[in-house]
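# A look at the structure
Residue strings, one per chain:
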Amino acid sequence: MRHIFNIIVLVLALTMTQGCIEDSFTDSPSDQPAFSVDTLHLGTVFTDEPTPTSRMLVYNRHSKSLSISDISISGADAACFRLNVDGVSGQRFSDVEIRAKDSIFVFVEATLPEAAGALSADYEASLDFTTNGVRSSVVLAAHGQNVERLRAVTIDTDTRFTSEKPYQIFDSLVVAPGTTLTIDAGTRLCLHDKSKFIVRGTLICEGTPERPVIFGGDRTGNVVGDISFEIMSRQWTGLSFTATSTGNRLSHTLIQNTVQGVAINGDPEADYSVTPQLYMLNSRLRNSGGLGFEAVHSAVTAIGCEFAEAADGLVYLNGGKHSFNHCTFANYYLFAVLSGPAIQLSHLSVDPKTGLDDGSGLPYTQAAFDNCIIYGLGSDLSHGDLTGTDVFFRRCLLKSAGSDDDNFIMCLWDTDPLYYTVREDYIFDYRLKPESPAIGAADPTLTSADAATDAYGLSRGGTPDLGAYVFTPPDRPE
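Not measured: the values here are computed from a predicted model.

To continue, consider the pairing of strand S14 (residues 180–183). As judged from the three bridges shared by strand S12 (residues 159–161) and S14, these two strands associate in the parallel manner. Residue Phe161 lies in a different strand from S14, and its bridge partner there is Ile183. The pairing of S14 with strand S17 (residues 202–206) spans four bridges and is classified as parallel. Counted as the bridge partner of Thr182 is Ile204 from S17.

The five strands are arranged S1-S3-S8-S5-S6 in an open sheet whose pairing can be described as antiparallel. The two strands at the open ends of the sheet, each matched to only one other strand, are strand S1 (34–35) and strand S6 (88–90). Where strand S3 (residues 54–59) and strand S8 (residues 103–110) come together, six bridges link them in antiparallel fashion. Along S8, the bridge assignment pairs Tyr59 with Ser103.

The next point concerns the sheet that holds strand S34 (residues 366–370). Ordered in space as S12-S14-S17-S22-S25-S28-S31-S34-S36-S38, the ten strands form an open sheet in which the pairing is parallel. With partners counted over all chains shown, the strands left at the sheet margins are S12 and strand S38 (408–409), one partner each. Of the strand pairs in this sheet, S34 and strand S36 (residues 390–394) are connected by five bridges, and their pairing is parallel. Each bridged residue has a counterpart across the sheet, and for Ala367 the counterpart in S36 is Val391.

We now examine the confidence of the model for the protein. As a note on interpretation, predicted positions should not be read in detail where pLDDT is low. Per-residue pLDDT for the protein averages 91, and the proportion of residues at 70 or more is 92%. Note that pLDDT drops below 50 for residues 4–22; the model gives that stretch five contacts with residues more than four away or on any other chain.

Once that is clear, we can look at the pattern of salt bridges. Considering all chains together, one arrives at eleven salt bridges under this definition. Residue Asp128 pairs with Arg135 through a salt bridge whose shortest N-O separation is 3.8 Å. Between Glu148 and Lys165 there is a salt bridge; the shortest N-O distance is 3.7 Å. On the criterion of sequence distance, the pair formed by Glu148 in strand S11 (residues 148–155) and Lys165 in the loop between S12 and strand S13 (167–175) is long-range, its members being 17 residues apart.

For Lys101, which is not glycine, the phi dihedral falls at a positive 60°. Structurally, Lys101 is set in the loop between strand S7 (92–98) and S8. With phi around 70°, Asp171 is a residue other than glycine that occupies positive phi space. With respect to the element layout, Asp171 can be found in strand S13.

With that out of the way, let us pick up the nonpolar core. In terms of nonpolar packing, the biggest core is built from 57 residues, with Phe197 and Phe307 touching the most fellow members. The contacts of Phe307, once residues within four sequence positions are left out, are Met280, Leu285, Phe293, Ala302, Leu314, Val315, Phe324, Cys327, Thr328, Phe329 and Ala330. Leu42, Val45, Ile98 and Ala125 belong to the second-largest nonpolar core, a separate cluster that totals 30 residues.

Attention now goes to the packing of aromatic side chains. Under the definition given, this model contains 19 aromatic pairs. Between Phe324 and Phe369, the aromatic rings sit 4.8 Å apart at their centres with planes inclined by 5°, giving stacked as the arrangement. Of this pair, Phe324 sits in strand S31 (residues 321–325) while Phe369 is found in strand S34, placing the two residues 45 residues apart along the sequence. Residue classification places Phe324 among the buried residues on the basis of a relative accessible area of 0%. The buried category is assigned to Phe369, whose relative accessible area is 0%. Through a chain of ring-to-ring contacts, three or more aromatic side chains come together here, namely Phe293, Phe307, Phe324, Phe329, Phe369, Phe393, Phe408 and Trp413.

Now for the side chain of Gln277. Along the polypeptide, Gln277 turns up in the loop between strand S24 (262–265) and strand S25 (278–281). A relative accessible area of 0% places Gln277 in the buried class. Polar side-chain contacts of Gln277 include one of 3.2 Å to the backbone oxygen of Thr242. A distance of 3.2 Å separates the side chain of Gln277 from the backbone oxygen of Asn265, its partner in a polar contact. The residues contacting Gln277, other than those within four sequence positions of it, are Thr242, Ala243, Ser245, Thr246, Gly247, Asn248, Ile264, Asn265, Gly266, Tyr272, Ser298 and Ala299.

So, on to a negative patch on the surface. Together, Asp385, Asp404, Asp405 and Asp406 give the surface a local cluster of negative charge. Tracing the sequence through the fold places Asp406 in the loop between strand S37 (397–398) and S38. The class of Asp406 is exposed, set by a relative accessible area of 67%.

Rules used throughout
Residues numbered from 1 in each chain as written. Predicted model: local features only at pLDDT ≥ 70, side-chain atom pairs only at ≥ 80, totals over all residues. Heavy atoms only, no water. Pairing = 2+ DSSP bridges. Helix = DSSP H or I, 4+ residues; strand = E, 2+ residues; numbered from the N terminus. pLDDT = per-residue confidence, 0-100. Contact = heavy atoms within 4.5 Å. Salt bridge = Lys/Arg side-chain N within 4 Å of Asp/Glu carboxyl O. Core = buried A, V, L, I, M, F, W, Y, C linked by side-chain atoms within 4.5 Å. Buried < 20%, exposed > 50% of the residue type's maximum accessible area, 1.4 Å probe, protein only. Phe/Tyr/Trp six-rings, centres within 6.5 Å; stacked < 30°, edge-to-face > 60°. Polar contact = N/O pair within 3.5 Å; in protein donor to acceptor, adjacent residues only side chain to side chain. Patch = residues over 30% accessible without salt bridge, like charges linked within 9 Å, V, L, I, M, F, W, Y side chains within 5 Å. Areas by Shrake-Rupley, 256 points an atom, 1.4 Å probe, with all protein chains shown as cover. Lys, Arg positive; Asp, Glu negative; His and termini not counted. Charge placed at Lys NZ, Arg CZ, Asp CG, Glu CD.

Below is the structure:
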C-alpha cells in the first residue's frame, strides 16, 4: 500500500512540475503570436449598418505561455471597427494570456460611414498586438457601399430607379395601379428579410448582357465556409404581380434568394392577345424556398430564360396563355428535398374519366414550350399524358423516358444536357459542355425572333442550341 502511495505522490509531483512549466511565461522578444490571416477582409457592406462578424485565430506555437500586453486598433479608420477578444468585447485589451500550444479567437465587426463624394470607399485599420516589447499587426479591411434605403414605400407616380447606388428595401415596395416603375440597366435591388415587392401597376426592367438588373437579398459574404449568401433562398418574400398589373417587361434580370420567386395573378377576362401580362427576356430566376415561378390565369412570354433551384418546383401554370422559347429549366436546389416536379400544370381540360370540367367556367391552360431543356434532380413534368390539352412541348430535351405524340413533338427523351453544374461544389452553371447533345439540336423554325441572342449577348446563329444558353468553347465567358 505504501508503495502505491509513493507512486501516486510521485505522479502528482511530476504533474505539478509539468503544470508549472506550462504556466510559466516567455519574455523573449523572439517569441511572438502567429495569426490565421495577414489581412482580415470584412467584404463589401452597406454603409451606416453593422457588418457581419468576421473572425481570426491568434496562435501561441511556443512551449511557454504568452502574455500579450496590448491589443488595440490604430489608423485613420480605427473608429469604424469593433473587437471581441476571446469572448470579451471592447476597443482595447491588456495582458491577454495564451497558454502554450493554444490559441484564442478575435472577432471583428465594423460600421462604415457613408462615403463622402463617392459611391463607395475602402476602409482600413491595423489590429496591433504588443508581445514582449514587439508589435505585430493584422490589417483590417472593408469596402463600404453607399445605398438608397426605402421603407414601406408605395410608388404612385411614374418613377425611374438608376444604377448610381443599390436600393435596400425594408418591409415592402408597392407599385400602385396605373403607375410604371422603370429600372435602369445595372441597378441592384437588395431586399431585407421578409420584405415584399408588389406590382399592381407596371414594372419595366431594362437590363443588358453586360449590366443586368439584380433583385436579391441584402446579406453579403458567406453563411458558413464556402457557402455564399448569394445561393441562399428565403431572404425576402419575392416579386408578385396582381391582376391589375399589365405590360410588365423583365429584360436581362436576375431574381434570387426568395421565399417564392415570381408570382403573377392575371385577370381571366382580360385580353392579353396583343401584349402578355409579363414578358421576360434572357432573365434568370434562382434560389427559391418555394415555387420558382407561378402564373394563374395570366399570360406570360419567356424567351432565353433560366428557371433554376426551387424547393417546390420551378414553374406552376394554372390557366392563362404562355410561351417559353429557348428556356432552361434546371432544379438542383441544395437545401431541401424537392417537393414537386420542375414544371407543374393545372386546370388543363375536362376530366378525361368523367368528361366534366372543374366548374370554374375559366379558360384552360394554354402553353407552348419550344427548344427548351427540362432536366435536373427530381421529375421534370407533372403530366406525362397531355392528350386533349392545349399544352405542347416541341423540340425539347426532357429527363423523362417517353415518346412523341400530338403534344410532344420531335423531343429528345431521357437525355442529359451535360451542364457545367457541380452541385456539391456550389457551382450552378447551366451552360453546355462541348459533348452536350443539346448543341445544334434546336429547330430554327421554332426560334423566336427575340431569341436571336442569349443572356451573354451571344448569337444563336442558323443552327441554334437547345435551352437558354449558346454553347461556347471551354474558354467560355464568365
